[in-house]
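# Observations on the model geometry
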Amino acid sequence: MTAEGGVQYSKIAEIKGPLVVVDDVENAAFDELVEIETTEGERRLGKVLEVGNGKAIVQVFEGTTGLSISGTKAKFVGKVMEMPVSKEVLGRVFDGLGKPKDGLPDPIADKFVDINGEPMNPEQREYPKDFIQTGVSVIDGLMTLVRGQKLPIFSGSGMSHNLLAAQIARQASVVGTQDDFAVVFAAIGVQYSEAEYFRRSLEESGALKRSVLFLNTADDPAIERIITPRVALTVAEYLAFDLGMHVLVVITDMTNYAEALREISAAREEVPGRKGYPGYLYTDLSTLYERAGKLNGRKGSVTQVPILSMPSDDITHPIPDLTGYITEGQIVVGRDLFRQGVYPPINILMSLSRLMKDGIGEGSTREDHSEVSNQVYDAYSRAQEVRALAGIVGKAGLTEIDLKYMDVGDTFEKEFLSQATDENRTIEETLALMWKIVSKLPKNEITKIKDKYVEQYYKEE
Amino acid sequence: MGQLHPLASNSALESTIDKILKNTEQDILASIKSGLDDSQQNLDDAIPKLEGEYDKIISDGKKEADKIEKQIIGSADIQARNQQLMALEEAVDKVFTKALDQIANTDRSGDYSNLIKTLIEEATQILGTTEISISTNAKDKDIVQSALSQFSGAELSSETIECLGGIKVKSKDGAMTFDNTIDARIERLKPLIRKDIAAKFGVGN
């Protein structure tokens, strides 16, 4: 940071959607921060998207409503957008641009960091293999989250993904270590009531002191949503790699982010890709998701749980589709379970954590975790088949073993999957519930677990 | 006369009654014993269940207590931290106000004219032209006027601006403006200055 400022230009050639075209500009740089001053003296922030032929295209984060060609001024600040970071950001609530929203002053910065982050050197990346306990049985037991992983939640409109996001943010912890743990929560384009729920929920549970909240509400300008995940990840990287903390970043809802990207792309008259999203959606998403990870020789880690709502529950929609290529698995929220009133309504058959195998077992969770999880998965899958069959032939047409599987399916949904929003289950409790489900099967049906574990944990009813 | 029924004699009757009573007694005793055994078995079976329930209640209670403890401590920590932040900010503001007062009343003689020259030089370099109009406050007007001879094409605006010191430069076509007032420079460096002031109070070291 220097004392020299930037030049202010007053020739605005055009205002188009969220973009302002400034004329006769010299020495502007790509991504440079721009301060737009309205005729009333109001200041808004923006960044340079394109420079050339004496023109600069500026994307205004706070929107262009109320701006006019005459009287509007654009000041090119001479630096990219930066986020002031320090340990003091913990327990604070910011808006989508990183300005305080809790009535407290700006945090005293330890340093100012470019919000675009620096790409992680692939050579320096450490393979993620340490367990994070979310306290949600279905996640910890069947799609375990590990430190440094990026595991998205694919949900649909109106479903309980935000409840789940808040529960994970409140309960998540690292077990078996004294390392510091923090949660960075970024809400993008959420309703005011939801933003309040997130804030209150963390405050009342006492988890706010180890959390940082970035709240961009639905009535904030859409373009601000481009910045929100970036400022959140910048803070997360600082906490992780400068202060050595294990940081869980929960971002909801990435669909709103992608829609803001589409809005800018349309205003720039770019050739649209699938469903009107820009052709670089994949690249853009990767610049966010790839900021998760662990580095060799550094203590901390950044783990990401981005949440996205699939339009029309369509998993082939470009946003979940492209997200799935980048991330390491997915947790799918199921509409059928949601309608049945199950919480969290996670469809385990469509969900997967690709890094789970390295984060569980002896020394992490328990030696039988992998096998009991395979058996539960298999049993629930079979229960679903039996339910489908019962829909055709009726319950009377089922064999005794089919009925046992149906019972397993019911127990799974009622006792294991269903969980109160304030119920924080330890991994031991989760594993005990998984064994309770497995114990409903006769021993000869248990094909995925070693005999020694069956002898130790199986409890016939 | 016919033969008498065997029960017609008293002893036979008593013996039969005794037999029935004995059998009934045995049945009742067996039934009581079986009931006792069942009850004992039920009690034995119930003990581990009760112990399990007891452990669950204790563990749930402990969990709930831990949760409430975390809530209370977390919320107290946040409140204390917020009050500390507000107090610090107030102190930093006081330091700022005092410093700005001192800057506003700085003696304009000596090095101050060199500072003005440097500020004009910096502004012309950034704007890329010396065809500029310079605005300043009433106090610095004469100093700026005397420095203008070194910048051909530069002129002093007749209008003064409100600032602590320094200059504001505009290209003559009005398209570009560069604010090089002391106020603007302080504003740009404010986050760093705040950090330094806070460090003096022992925060962020």
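We now turn to the structure provided with this report. (Residues numbered from 1 in each chain as written. Chains lettered and ligands numbered in written order. Predicted model: local features only at pLDDT ≥ 70, side-chain atom pairs only at ≥ 80, totals over all residues. Heavy atoms only, no water.)

### Section: the overall build of chain A
- Each helix and strand in chain A was counted, giving 13 helices and 22 strands.
- The C-alpha atoms of chain A give 25 Å as radius of gyration, which agrees with the globular expectation for 461 residues (23 Å, within 12%).
- Viewed in the frame of its principal axes, chain A has a C-alpha envelope of about 80 × 50 × 40 Å.
- Evaluated residue by residue, chain A yields a buried proportion of 59% over its 461 residues. (Helix = DSSP H or I, 4+ residues; strand = E, 2+ residues; numbered from the N terminus. Rg over C-alpha atoms; globule rule 2.2 N^0.38 Å. Buried < 20%, exposed > 50% of the residue type's maximum accessible area, 1.4 Å probe, protein only.)

### Some points on the environment of Arg125(A)
Residue and element names in this part refer to chain A.
- Along the polypeptide, Arg125 turns up in strand E11 (residues 125–126).
- In this structure Arg125 comes out as partly exposed when scored by relative accessible area, which is 28%.
- Along the primary structure Arg125 and Val85 are separated by 40 residues, whereas in three dimensions their C-alpha atoms are 23 Å apart.

### Some remarks on the interface of chain A and chain B
- Every contact between the two is made by 34 residues of chain A and, on the other side, 31 residues of chain B.
- The contact between chain A and chain B buries some 2,800 Å² in all, and 57% of this surface belongs to carbon and sulfur atoms.
- Counting across the chain A and chain B interface gives 3 salt bridges.
- A salt bridge links Lys209(A) to Asp77(B), with the shortest nitrogen-to-oxygen separation between them at 2.9 Å.
- Here chain A and chain B share 13 residue pairs in polar contact (both at pLDDT 80 or more) between them. (Contact = heavy atoms within 4.5 Å. Buried area = accessible area lost by both parts, 1.4 Å probe. Salt bridge = Lys/Arg side-chain N within 4 Å of Asp/Glu carboxyl O. Polar contact = N/O pair within 3.5 Å; in protein donor to acceptor, adjacent residues only side chain to side chain.)

### Some details on the pattern of salt bridges
All names here are of chain A.
- All chains considered together, the criterion is met by 44 salt bridges over all chains.
- Arg366 is paired through a salt bridge with Asp368; the nearest N and O atoms lie 2.7 Å apart.
- By relative accessible area, Arg366 is classed as buried at 18%.
- A relative accessible area of 0% means that Asp368 is categorised as buried.
- In this structure, Arg425 and Glu423 form a salt bridge, with 3.1 Å as the shortest nitrogen-oxygen distance.
- With a relative accessible area of 6%, Arg425 lands in the buried category.
- According to the relative accessible area criterion, Glu423 is partly exposed, its value standing at 29%.

### Digging into the environment of Asp179(B)
Residues and elements named next belong to chain B.
- Relative to the helices and strands, Asp179 is located in strand E4 (residues 176–181).
- Taking the C-alpha atoms as reference points, Asp179 and Leu13, 166 residues apart in sequence, are found 130 Å from one another.
- Asp179 has contacts with Ile167, Lys168, Ala184 and Arg188, leaving out every residue within four places of it along the chain.
- A polar side-chain atom of Asp179 sits 2.9 Å from a polar atom in the side chain of Thr181.

### With respect to a nonpolar patch on the surface
- There is a patch of nonpolar side chains on the surface, built from Leu389(A), Ile392(A) and Val393(A) and spanning about 300 Å² of accessible area.
- With respect to the helices and strands, the residue Val393(A) is situated in helix H10 (residues 369–393). (Patch = residues over 30% accessible without salt bridge, like charges linked within 9 Å, V, L, I, M, F, W, Y side chains within 5 Å. Areas by Shrake-Rupley, 256 points an atom, 1.4 Å probe, with all protein chains shown as cover.)

### Details of the pairing of strand E6 (residues 55–60) of chain A
All names here are of chain A.
- E6 sits mainly inside the fold: 5 of its 6 residues count as buried.
- Where strand E3 (residues 19–22) meets E6, 4 bridges bridge the pair, whose relative direction is antiparallel. Considered in E6, the bridge of Val20 is made with Val58.
- Bridge count for strand E5 (residues 43–52) against E6 is 6 bridges, and the pairing is antiparallel. From the neighbouring strand, Gly46 faces E6, where its bridge partner is Val60.
- In textbook terms, the turn of a hairpin is the stretch between consecutive antiparallel strands, and for E5 and E6 this stretch comprises 2 residues, one of which, Asn53, has a positive phi near 50°. (Pairing = 2+ DSSP bridges.)

### Details of the nonpolar core
Residue and element names in this part refer to chain A.
- Ranked by internal contacts, the top residues of the largest apolar core, which has 70 residues, are Val138, Ile139, Leu142, Leu248, Ile346, Phe412 and Trp435.
- In terms of residue count, the dominant contributor to this core is helix H12 (residues 427–438) (7 residues).
- If sequence neighbours within four positions are ignored, Phe412 has contacts with Leu142, Ile348, Val376, Tyr380, Leu417 and Ile437.
- The next biggest cluster of nonpolar side chains, apart from the first, holds 60 residues, and it includes Ile188, Tyr289, Leu308 and Val332. (Core = buried A, V, L, I, M, F, W, Y, C linked by side-chain atoms within 4.5 Å.)

### Side note on the packing of aromatic side chains
- Under the counting rule described, the total for this entry stands at 7 aromatic pairs over all chains.
- Ring geometry for Phe94(A) against Phe214(A): centres 5.3 Å apart, planes inclined by 20°, an arrangement best described as stacked. With Phe94(A) in strand E9 (residues 93–95) and Phe214(A) in strand E17 (residues 211–217), this residue pair connects regions lying 120 residues apart in the sequence. Judged on exposure class, the residue Phe94(A) and its partner Phe214(A) are both buried.
- Here a set of aromatic residues connected by ring pairs shows up, and it is made of Phe185(A), Tyr197(A) and Phe198(A).
- The positively charged end of Arg262(A) is found above the aromatic ring belonging to Tyr277(A), 4.3 Å away from the centroid.
- Stacked on the ring of Phe96(B), the Lys or Arg Lys190(B) has its end atom at 5.1 Å from the ring centre. (Phe/Tyr/Trp six-rings, centres within 6.5 Å; stacked < 30°, edge-to-face > 60°. Lys NZ or Arg CZ within 6 Å of the ring centre and 35° of its normal.)

### Digging into the packing of helix H11 (residues 400–417) of chain A against H12(A)
Residue and element names in this part refer to chain A.
- Running from N to C, H11 and H12 cross one another at 160°; their axes reach a closest spacing of 9 Å. Taken as axis vectors, H11 and H12 run roughly antiparallel relative to one another. Two packed elements cross with a definite hand, and for H11 against H12 that hand is right-handed. Taken together, the residues of H12 that come into contact with H11 (itself represented by Val408, Thr411, Phe412, Glu415 and Phe416) are Thr430, Leu433, Met434, Lys436 and Ile437.
- Of the residues in the contact of H11 with H12, the class split is 6 nonpolar, 2 polar and 2 charged. (Axes fitted to C-alpha atoms, helices over the stretch in contact; angles between N-to-C directions. Parallel < 35°, antiparallel > 145°, perpendicular 65-115°, else oblique. Left-handed = near helix turned anticlockwise from the far one by under 90°. Nonpolar A, V, L, I, M, F, W, Y, C, P; charged D, E, K, R; others polar.)

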